[in-house]
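Structure at a glance
Listed below are the residues making up each chain.
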Amino acid sequence: MPTWFKFSKMEIEEVLKALKTSENGLTGADVKARLERYGYNEVKFKRENPVFRFLKQFKSLLIYILLVVSVFTILIGEWVDAVVIIGVVFINSLIGFIQEGKATKAMESLQKLVKTETKVIRDDKSLSIPSSLLVPGDIVKLEMGDKVPADIRVIRAKNLFVDESALTGESVPVEKVPVKLSESDINKGEFKNTLFSGTLLTEGAGTGVVVSTGSETEIGKISRVVQREGVKTPLIKKIDDFSRSIALAIIAVAAFNFIIALLFGYEIIFSFLASTSLAVAAIPEGLPAIITITPALGVADMARRNAIVRNLPSVETLGSVTVICSDKTGTLTKNEMTVKCICAGGGFYEVAAMKQMVKSDTMDQNLRTSQNHSD
């Protein structure tokens, strides 16, 4: 059960008592002790060791097959083929390694840029501190336009409305009130007394007590899930299936060729070398390079559009989407409303691709155009 959910069902006095705080705020000693216990109020990206990040690029069944084949090519004396195969594998891994490194640095740079200040009450004094220094039990004061810095239980509110579309997709601001949740509110999934980290105050003001910080907030939990090794993309699944099939087929053909050669009286060494050569020739050495270079071009195109892609296969996943599900608000991706039509000077103007189109000749035609777009 999330921490904030437990506190949402309590009265304000119970919440303050459970967090060992009061409306006068925490003392300096309390803050120091809680910082040591809970850590800073930050959601950090796990920095991966560069060596492990490079070795991770070899994590593919097709790459394993190519490495085994390269060993056999060396055994049969085909040094040129061995160098080509190893070179392809190395370049393939290097491209993925460099791209992930660039994406990681970009995300870290964005983290450094996002530094916010929060008004808190400590030792019965109002202070402005970096949001990273917030701890559970801190009393926070928020106003219209402020970004919620942690998961907070509301204890006072004045016409307080919050935009939670970043978490829920609901574009309409939600009213927050300092009351204990009822069973009906919980059943409806309406948590009106809790402010979630990353959301934005659109109206009013309020005071609350911090219940969760850093990776323990709802947005922090989402970040942890994102950083885990996720489900394999459609492309990776297909490549793994193809690699498995081709490996079994090559082993079967090579073994069959070896047995037939022995039955026809050829020497064991010659039969083995011939079968190994057949297996090497059947392996598509250029496939890993193509699989890597193609997504790399997609990543470069996304970068020109200001979109950071950390893993190369993620680009292919975008192209595999067949259904996009959204709620009634239709809030997707940028979380921004877009102007489609402007009424000015007695006429209507259509807006498309950031360009204003030519004004229509008559008002009637403009009204019909506007009606068609609304339909």
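Above this note sits the structure.
This section reports on the structure supplied with the text. Starting afresh in each chain, residues are numbered from 1 along the sequence in its written order. Owing to the predicted nature of the model, reporting of local features is limited to residues with pLDDT of at least 70; listing and counting of side-chain atom pairs is limited to 80 or more, with chain, interface and lining totals taken over all residues. Each side-chain value is worked out from all heavy atoms of the structure, with water and hydrogens disregarded.

Let's talk about the state of the cysteines
For the purposes of this analysis, a disulfide is any pair of cysteine sulfur atoms at a distance within 2.5 Å. For the structure shown, the criterion picks out 0 disulfides. In this structure Cys341 is a free cysteine whose sulfur lies 7.5 Å from that of Cys343, the closest cysteine sulfur available. A relative accessible area of 36% places Cys341 in the partly exposed class. In this scheme, a residue with accessible area under 20% of its type's maximum is buried, one over 50% is exposed, and one in between is partly exposed, where area comes from a 1.4 Å probe on protein chains only. What makes Cys343 exposed here is its relative accessible area of 55%.

Things to note about unusual backbone geometry
Its identity as a non-glycine residue notwithstanding, Asp123 has a phi of 55°, on the positive side. Residue placement: Asp123 occurs in the loop between β1 (117-122) and β2 (125-130). By the criteria applied, helices consist of DSSP H or I runs no shorter than four residues and strands consist of E runs no shorter than two, each listed in order from the N terminus.

A word on the side chain of Arg122
With respect to the secondary-structure elements, Arg122 resides in strand β1. At 2.7 Å, the side chain of Arg122 and the side chain of Asp138 are in polar contact. We call two residues in contact whenever any of their non-hydrogen atoms come within 4.5 Å of each other. Those residues in contact with Arg122, other than ones at most four positions away along the chain, are Asn24, Gly25, Leu26, Val31, Leu127, Ile129, Leu133, Leu134, Val135 and Asp138. Any pair of nitrogen or oxygen atoms within 3.5 Å is treated as a polar contact; in protein, a donor-acceptor pairing is required on top of that, and neighbouring residues in sequence qualify only through side-chain atoms on both sides.

So, the nonpolar core
Soluble globular proteins tend to pack their nonpolar side chains together in the buried interior. For the purposes of this section, nonpolar cores are sets of buried Ala, Val, Leu, Ile, Met, Phe, Trp, Tyr and Cys residues that join through side-chain atoms within 4.5 Å. In terms of nonpolar packing, the biggest core is built from 17 residues, with Trp4, Phe7, Val15, Leu19, Ile139, Phe191 and Val209 touching the most fellow members. Contributions of two or more residues to this core are made by α1 (3-8), α2 (12-18) and β7 (200-212). Setting aside residues up to four positions removed in sequence, Val209 forms contacts with Val15, Leu16, Leu19, Thr21, Gly137, Asp138, Ile139, Asp151, Ile152, Arg153 and Ile155.

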